[in-house]
Amino acid sequence: QVRLVESGGGLVQAGGSLRLSCAASGRTFNTYAMGWFRQAPGKEREFVAQIDWSGSSTSHSDSVMGRFTISRDNAKNTVYLQMNSLKPEDTAVYYCAAPSRNFHYPTRGRAEYDIWGQGTQVTVSS
């Protein structure tokens, strides 16, 4: 089973960039799709991006399209979220997640993700 640990969050000015990392334990990382979600105070956790097990297919939410890019390095058991042109509304706790099933590429939505990291805070100042 996969265990996930996020890192790379912090404070950044609007227009700046951050790269989040999610390190995964387990020897079957390359059989799991991975996703990024975020949750702002008082709001529900929302989909940001996901990537299939090989990295050949990705999906990004409309709100981050063209600004954020999900990628993975299976040799390092790590998935990334490169965030550019950050806006104050991007402020949230960002979570890395995986479905419980191998070789399953979820539709958008957190219901299909069962394994979660602890989250990393991203704060964008105006």
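Above this text you will find the structure in question.
**Remarks on the nonpolar core**
Item 1. Counting 29 residues, the largest nonpolar core has Leu4, Met34, Trp36, Leu81, Met83 and Tyr94 as the members making the most contacts within it.
Item 2. Every element with two or more residues in this core is listed here: strand E3 (18–25), strand E4 (34–39), strand E5 (46–51), strand E7 (68–73), strand E8 (78–83), strand E9 (92–98) and strand E11 (120–125).
Item 3. Apart from residues lying up to four places away in sequence, Tyr94 is in contact with Glu6, Leu20, Trp36, Phe37, Arg38, Val48, Phe68, Leu81, Met83, Gly119, Thr120 and Val122.

**With respect to the packing of aromatic side chains**
Item 1. A complete count under the given rule lists six aromatic pairs for this structure.
Item 2. Aromatic pair Phe37 and Phe47: ring centres 5.8 Å apart, planes at 80 degrees, arrangement edge-to-face. Here Phe37, found in strand E4, pairs with Phe47, found in strand E5; they are ten residues apart in sequence, far enough to count as distant.
Item 3. Under the relative-accessibility criterion, Phe47 is labelled buried at 10%.
Item 4. Geometry around Tyr95 places Arg45 over its ring, the cationic atom sitting 3.7 Å from the centre.

Cut-offs and rules
- Residues numbered from 1 in each chain as written.
- Predicted model: local features only at pLDDT ≥ 70, side-chain atom pairs only at ≥ 80, totals over all residues.
- Heavy atoms only, no water.
- Core = buried A, V, L, I, M, F, W, Y, C linked by side-chain atoms within 4.5 Å.
- Buried < 20%, exposed > 50% of the residue type's maximum accessible area, 1.4 Å probe, protein only.
- Helix = DSSP H or I, 4+ residues; strand = E, 2+ residues; numbered from the N terminus.
- Contact = heavy atoms within 4.5 Å.
- Phe/Tyr/Trp six-rings, centres within 6.5 Å; stacked < 30°, edge-to-face > 60°.
- Lys NZ or Arg CZ within 6 Å of the ring centre and 35° of its normal.

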